[in-house]
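Residues per chain are reported as follows:
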Amino acid sequence: MTDRAAPAGRAAVLFSGGKDSALAALLLEPHYDVTLVTCGFGLTDLTENAAASAAALSLPHETRRLESAVLESAVDRLCADGYPNAAVQSVHEAAVERLAGDAAAAGWDVVADGTRRDDRTPTVARPFAQSVEDRFGVAHVAPLAGFGRGAVDALVDARLEVETGPSETLAKGDYETALRAALRDRTGDEAVGEVFPAHEQSRVVGRRG
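Residues numbered from 1 in each chain as written. Predicted model: local features only at pLDDT ≥ 70, side-chain atom pairs only at ≥ 80, totals over all residues. Heavy atoms only, no water.

- Where an unreviewed UniProt entry is consulted, the chain appears under the name Alpha hydrolase, with the organism given as Salinirubellus salinus.

1. Looking at the overall build of the chain
Right, so step 1: Counting secondary structure elements, the chain contains eight helices and seven strands.
Right, so step 2: Here the C-alpha atoms of the chain give a radius of gyration of 17 Å, agreeing with the 17 Å that 2.2 N^0.38 yields for 209 residues.
Right, so step 3: Considering the chain as a whole, with its 209 residues, one finds that 47% of them fall into the buried category.
Right, so step 4: Considering only contacts within the chain whose residues lie at least 6 apart along the sequence, 77% involve residues at least 24 apart.
Right, so step 5: Of the roughly 10000 Å² that the chain leaves accessible, carbon and sulfur atoms contribute 49%. (Helix = DSSP H or I, 4+ residues; strand = E, 2+ residues; numbered from the N terminus. Rg over C-alpha atoms; globule rule 2.2 N^0.38 Å. Buried < 20%, exposed > 50% of the residue type's maximum accessible area, 1.4 Å probe, protein only. Contact = heavy atoms within 4.5 Å. Areas by Shrake-Rupley, 256 points an atom, 1.4 Å probe, with all protein chains shown as cover.)

2. Re the sheet that holds strand β4 (residues 110-112)
Right, so step 1: Read across the open sheet, the five strands follow the order β3-β2-β1-β4-β5; overall the sheet is parallel. Edge positions in the sheet fall to β3 (61-65) and β5 (139-141), since each has one partner strand and no second. In this sheet, adjacent strand axes meet at a mean angle of 30° when their direction is disregarded.
Right, so step 2: Pairing of strand β2 (residues 33-40) with β3 involves five bridges; the strand directions are parallel. Residue pairing across strands places V37 opposite E62, the latter belonging to β3.
Right, so step 3: The strands that helix α2 (residues 46-57) touches are β2 and β3; relative to β2, the one it contacts most, it runs at about 165°. (Pairing = 2+ DSSP bridges. Axes fitted to C-alpha atoms, helices over the stretch in contact; angles between N-to-C directions.)

3. Section: the pattern of salt bridges
Right, so step 1: For the structure on display, the rule yields 15 salt bridges.
Right, so step 2: For E97, the salt bridge is made with R135, and the minimal N-O distance between the two is 2.8 Å. Here the residue E97 occupies a position in helix α4 (residues 85-106), and R135 occupies one in helix α5 (residues 126-136), the gap between them amounting to 38 residues.
Right, so step 3: Overall, R135 belongs to the partly exposed group, its relative accessible area being 45%.
Right, so step 4: Here R116 ties to D119 by a salt bridge, and the two come within 3.1 Å at their closest N and O atoms. Of the two residues examined, R116 and D119, each falls in the buried class.
Right, so step 5: Through salt bridges with shared partners, one network takes in E62, R64, R98 and D102. (Salt bridge = Lys/Arg side-chain N within 4 Å of Asp/Glu carboxyl O.)

Structure (structure tokens):
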């Protein structure tokens, strides 16, 4: 058995506590010193939820607070669109930019996320990724960008222990949790049920193997 090669650098991975961001981190782990980073707004306990999943992976975890204007703009979009895609996308891009902006001070060579090939939202378009790299001088990578749903699910089954449940009740650290809370504060419970379609989400509780 050989020792692990020296890491190529340090990578910050946007982390929600879900399976995609966790798997992205594990794919980078053989090559970089990985830190999981959760971005939030201080409205809910989402960062604590993500920290618990990070601890289950035995990876260091940090948090960053996004500007309240990002959340207010996203809620405006929720109200205007009646659907969450554009709002979630705007928060994800703000989070990527926040990590990229912090990279030099934090010593990160790479910022990464768990977006997949088949994702509709959030995604990282090539022009946006190139803009981030040009503006902040840090590499952006999406380790799952070439993986479809079936391939991701197979890797998750092999590498991760996860819990699943309805998105409105599963305790994790994703943007939807914060957006639900902010929309509820502005318009009440009824609007939340109308804007966010029912779906299942995942939370990482450990590694396999």
